[in-house]
Amino acid sequence: MDIPEASDHQWSEDDESFLMDPELLRDQLPQPFRMIDKVLDRLLDMAWDTISKRESTRVAEESKKKTPTLELCGAAQLPESTNCLAYSEDGRYISMGHSRGLSVSCASSLICVSAWLQDRLEITSIQMTCMDEKGYLLGTVDDMGVARVFAYHTESIHLLKVINDTEDINQRSICLTFELSKGGDYGAASISCNGALWLEVYRFPLEAWLKDLELAASQKQAQNPSGVVDVKWSPAAVLMKIKPPKSLAGTTVKSPLEVLQRVDCGIVFGSGQNHTISNRQWEEQEAVFRSTYRKYISTDTDETKETDESPRHCTKHFLLPCGLSPGLSEAKSQPAGLPVAVCVWWSDSHNLLQYLLCRAPKDKPDVEPVPDVLWPNAHEILCSAVSSCTRYIALGLDAAVVTVWDRQLGLPLSVVLVSAADSAFTRMLFLDYRPVFAEDSLLSQALTPAKVHLLVVCKSGATHVLTTGRGAESCATQLTERPKDSGGLPTVIASVPFLQGLSLVAQKNGKMFLQDVIHKTTVCYLIPPTTRLFATPWDPVYALDIKQQTLVIRGDQNPSHSDSLTADCQSQLLILRFREAAVVEPYIVALPDSPTQQTGMSFVALEEACNLYLQQRVLSVDERNKALTQRWKQLQEHVVTV
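Criteria and cut-off values
As a convention, each chain's residues are numbered from 1 in the sequence order in which they are written. In keeping with the predicted nature of the model, local features appear solely for residues at pLDDT of at least 70, side-chain atom pairs appear and are counted solely at 80 or more, and the whole-chain, interface and lining totals rest on all residues. Water and hydrogen atoms were dropped before computing side-chain values, which therefore reflect all heavy atoms in the structure. The helix and strand labels rest on DSSP assignments: H or I over at least four residues marks a helix, E over at least two residues marks a strand, and numbering proceeds from the N terminus. Whether two residues are in contact is decided by their heavy atoms: any pair within 4.5 Å suffices. A 1.4 Å probe and the Shrake-Rupley method give the accessible areas. Residues count as covered only by the protein chains that appear here. Here, strands pair whenever DSSP counts at least two bridges between them. Note on method: axes are straight lines fitted to C-alpha atoms, helices fitted across the in-contact stretch only, with angles between N-to-C directions ranging 0 to 180 degrees. Note on terminology: a nonpolar core comprises buried Ala, Val, Leu, Ile, Met, Phe, Trp, Tyr and Cys residues joined through side-chain atoms within 4.5 Å. Type-normalised accessible area, obtained with a 1.4 Å probe on protein chains alone, sets the label of each residue: buried when under 20%, exposed when over 50%, and partly exposed for intermediate values. Confidence scores per residue from the predictor, reported as pLDDT, run from 0 to 100. The rule is short: rings of Phe, Tyr and Trp, with Trp giving its six-membered ring, pair when the centres are within 6.5 Å, and they are stacked under 30 degrees, edge-to-face over 60, tilted in between. One less than the residue count of a helix, multiplied by 1.5 Å, gives the span that helix is expected to have. Note that the arc is computed from the directions linking the helix axis to the C-beta atoms. Within the patch definition used here, like charges are joined within 9 Å and nonpolar side chains (Val, Leu, Ile, Met, Phe, Trp, Tyr) within 5 Å, considering only residues with over 30% relative accessible area and no salt bridge. The salt bridge criterion pairs a side-chain nitrogen of Lys or Arg with a carboxyl oxygen of Asp or Glu, the two atoms within 4 Å. When two cysteine sulfur atoms are found within 2.5 Å, that pair is recorded as a disulfide.

> Just give me the short version of the overall build of the protein, but keep the residues and values in it.
Across its full length, the protein holds 10 helices and 34 strands. Long-range pairs, those at least 24 residues apart, make up 54% of the contacts in the protein with a sequence separation of at least 6. Accessible surface, the protein as shown: approximately 37,100 Å² in total, 53% of it carbon and sulfur.

> I'd like a rundown of the sheet that holds strand β29 (residues 512-516), residues and numbers included.
Within a sheet, adjacent strands bond to each other through the backbone by hydrogen bonds, running parallel or antiparallel. Strand order in this open sheet of 5 strands is β1-β30-β29-β28-β27, and the pairing throughout is mixed. With partners counted over all chains shown, the strands left at the sheet margins are β1 (69-71) and β27 (490-495), one partner each. With strand direction ignored, the average angle separating the axes of adjacent strands in the sheet is 25°. Two elements, β1 and strand β30 (residues 521-527), share 3 bridges in a ladder whose sense is parallel. Looking at β30, one finds that Glu-71 is bridged to Ile-527.

> Quick one: what's the story with the sheet that holds strand β6 (residues 112-117), residue by residue and with numbers?
Spatial ordering of the open sheet is given by β3-β4-β5-β6, a layout of 4 strands whose pairing is antiparallel. This sheet does not close on itself; its edge strands, each paired only once, are β3 (84-87) and β6. In this sheet, adjacent strand axes meet at a mean angle of 15° when their direction is disregarded. Here β3 pairs with strand β4 (residues 93-98) via 4 bridges, running antiparallel. Pairing of Cys-84 across the sheet is with Gly-97, part of β4.

> Quick rundown of the nonpolar core? Include the residues and the values.
With 24 residues, the main nonpolar core has Leu-137, Phe-178, Phe-204 and Trp-209 as its most contacted residues. Elements that contribute at least two residues to this core include exactly β8 (135-142), β9 (147-153), β11 (174-180), β12 (186-193), β13 (196-203) and α3 (206-222). Ignoring anything within four residues of it in the chain, the contact list for Phe-178 reads Gln-127, Gly-139, Thr-140, Val-141, Ala-147, Arg-148, Val-149, Ile-163, Gly-187, Ala-188, Ala-189 and Phe-204. Leu-502, Leu-514, Leu-526 and Leu-574 belong to the second-largest nonpolar core, a separate cluster that totals 23 residues.

> I'd like a rundown of the confidence of the model for the protein, residues and numbers included.
With 74% of its residues at a pLDDT of 70 or more, the protein shows a mean pLDDT of 79. Note that pLDDT drops below 50 for residues 299-309; the model gives that stretch 3 contacts with residues more than four away or on any other chain.

> Can you lay out the packing of aromatic side chains for me, pointing to particular residues and giving the numbers?
Considering all chains together, one arrives at 9 aromatic pairs under this definition. Relative to Phe-204, the ring of Tyr-202 has its centre 6.3 Å away and its plane inclined at 10°; by these criteria the two rings are stacked. The exposure class of Tyr-202 is buried, given its relative accessible area of 3%. Put simply, the rings of Tyr-93, Tyr-136 and Tyr-152 touch in pairs and so form one group of aromatic residues.

> Lay out the environment of Ala-217 with the relevant residues and their values.
Positionally, Ala-217 belongs in helix α3. On a C-alpha basis, the gap between Ala-217 and Thr-154 in space is 7.0 Å, while along the polypeptide they are 63 residues apart. Beyond its immediate chain neighbours, meaning those up to four positions away, Ala-217 contacts His-153 and Thr-154.

> Can you lay out α3 for me, pointing to particular residues and giving the numbers?
The end-to-end C-alpha distance of α3 is 24 Å, a good match for the 24 Å that 17 residues give at a rise of 1.5 Å each. Residues Leu-206, Trp-209, Asp-212, Leu-213 and Ala-216 constitute the buried set of α3. The buried residues of α3 occupy an angular sector of 115° when projected down its axis, which confines them to one face. Opposite the buried face of α3, at more than 90 degrees from it, the exposed residues are Glu-207, Lys-211, Gln-221 and Ala-222. Check the buried side of α3 and you find it contacts β8, β9 and β10 (156-162).

> Would you mind going over the environment of Ser-347 in detail, with residue names and values included?
Along the polypeptide, Ser-347 turns up in the loop between β16 (341-346) and β17 (352-356). Overall, Ser-347 belongs to the buried group, its relative accessible area being 8%. Taking the C-alpha atoms as reference points, Ser-347 and Glu-380, separated by 33 residues in sequence, lie 7.9 Å from one another.

> Provide a residue-level description of a nonpolar patch on the surface, including the pertinent values.
Together, Phe-33, Met-35, Ile-36, Val-39, Leu-40, Leu-43 and Met-46 make up a nonpolar patch on the protein surface, roughly 690 Å² of accessible area in all. With respect to the helices and strands, the residue Phe-33 is situated in helix α2 (residues 33-64).

> Pulling in residues and values, what's your account of the pairing of strand β24 (residues 452-458)?
Most of β24 is tucked away: 7 of the 7 residues are buried. Here β24 shows no split at all, with Val-452, Leu-454, Val-456 and Cys-458 on one side and His-453, Leu-455 and Val-457 on the other all buried. Where strand β23 (residues 425-431) meets β24, 6 bridges bridge the pair, whose relative direction is antiparallel. Residue pairing in the sheet places Arg-427 in a bridge with Val-457 of β24. As judged from the 6 bridges shared by β24 and strand β25 (residues 463-469), these two strands associate in the antiparallel manner. Its bridge partner being in β25, Val-456 is matched across the sheet by His-464.

> Outline unusual backbone geometry, listing residues and values.
The phi torsion at Thr-154 lies on the positive side, around 50°, for a residue other than glycine. In this fold, Thr-154 is placed in the loop between β9 and β10. Residue class for Thr-154 comes out partly exposed when judged on its relative accessible area of 44%. Although it is not a glycine, Lys-520 adopts a positive phi angle of roughly 60°. Its location among the elements puts Lys-520 in the loop between β29 and β30.

> Outline the pattern of salt bridges, supporting the account with residue identities and numerical values.
Under the criterion given, the structure shown has 3 salt bridges. Measuring nitrogen to oxygen at the nearest pair gives 3.0 Å for the salt bridge that ties Asp-406 to Arg-391. Residue Asp-406 is located in strand β21 (residues 401-406), and its partner Arg-391 is located in the loop between β19 (381-386) and β20 (392-397); the two are separated by 15 residues in the primary sequence. We note that Asp-406, like Arg-391, is buried. Here Asp-556 ties to Arg-554 by a salt bridge, and the two come within 3.1 Å at their closest N and O atoms. Exposure remark for Asp-556: the relative accessible area of 21% places this residue in the partly exposed category. Under the relative-accessibility criterion, Arg-554 is labelled buried at 13%.

> An account of the state of the cysteines is needed here, citing residue identities and associated values.
Taken as a whole, this structure holds 0 disulfides when the rule is applied. Here Cys-458 stays free of any disulfide, with the sulfur of Cys-383 as its closest cysteine sulfur at 8.9 Å.

> Describe the side chain of Ser-181, and please don't skip the residues or the numbers.
Along the polypeptide, Ser-181 turns up in the loop between β11 and β12. Here Ser-181 falls in the buried class, since its relative accessible area comes to 2%. The contacts of Ser-181, once residues within four sequence positions are left out, are Thr-129, Tyr-186, Phe-318 and Pro-339.

Structure, rendered in structure tokens:
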């Protein structure tokens, strides 16, 4: 063969295309590297084929495993424009707020037993609680911001009190939220008027109202069976009027001694109001701060924030007697299950304030009350939740931090940092997870380091589960990621107390399902009948009966279904009885009958509370020693690095 000379092939000095060809490079490899390269390629191809087959098999198996579904059935027709539903605590009645007033129906037969009707009055919020075996208290708020208190007694509804009804339209106040305590002894209303906001706490005379209701029933039966009875209802007393805390300002005192002498002037230590800083010192401190961080501060942003500042709001929770909380001596003579305090926090605030309810109503309700307990936090509070036994209080802060306070010991249970990749917190709730105790005594339950499960929802739609407990390591895991579209945003996340570790989730796209928060699985989907759709998926109208373990939700006509075109266009009440569903049977648990069993321990003496505190300290000595050793190790490492 004629071998051409090198000059016959014109190689360019810039021609390096042969370096880009792997076949040429492979041919240039000497033996045995060429054989090793081919063997590795074959092994990689075989491994990739095996992984692909396993993945396809897994996808096929998951497609076969379909999530079970539970279909709700139509139970009864609802009044026009039903906006809210509420069950009584004993599960006997269900109340409905609609565009003409409110109605009360029997929970078993869903037959209307009584109604209070008024034209052009649309109820948007309703709550129902038991006064006794025959009487029920209802709290409502209408679309005009007027709160009312009703009583249902002997198949009749009576208007007992209008919270914020005024004749002068210029001085008209608006009730933003209204909440009744369990049993109806107290009520709290957030009132707004001409840019001002405050919280009014009422004490309702239940015994006097029950006597008035008995009198009204006798009058209606004897004198006027078909008309309206004329009874003067006993007045409700304003227990306290709580206003938002004032911003920090300079003090006029000249020495610390004068501050100590003015402790009893209505100011609480720890709130930041007791200080000896003058107005001039505040101004100098702000000037130094702005001069130091001038490049990080935008004047335009500050001005926009001041002009576009959102209105303030308050969040409140009624608290039962527990542990070292104050007011136990006053609550000793009260019946079990009666709240002894209310905790309040305001938007743009770092502090949780607690006010005792065991006090006589003041002659001057406009006098601002003094908080009895202050729970400080390092960051602004965004959302809060209280456990069903009110022993634990959880606060979601703006730095992606969740703080859980233990009222039984008066100390923080844990401080957990959630992933900072998500947005700010919007809401949170405690999951009713009850461990099985070997002993039945209340003391064993109180001393056992039970875990607390908390569900946190972010503004982006992502959810996290926090597991903590005294003597246990706190951890935060992501339950669901941020949804890809707005339809997957959760609109309702509610705890189901009679189902162990399950939560009811409703999404904006109309999907509703039960989710196992502990094991991060979807238990089942809840679907309406083919002729119906869940009404207003962005704000579903539903109610959960804990006693009878039943879920009811409003269903509207499905326009895409052919049979629904000829059916009644009126809204329908859809019902689901969990006791009849086999898929949730393993999760059903028995609920405690009394609040004492829920709290684990109720103290009436300071000596008993101190004994429990010392026992808790003995049980946690190993944990505290371990934390102390780890902290010293971190300090030593920090000193070496510095």
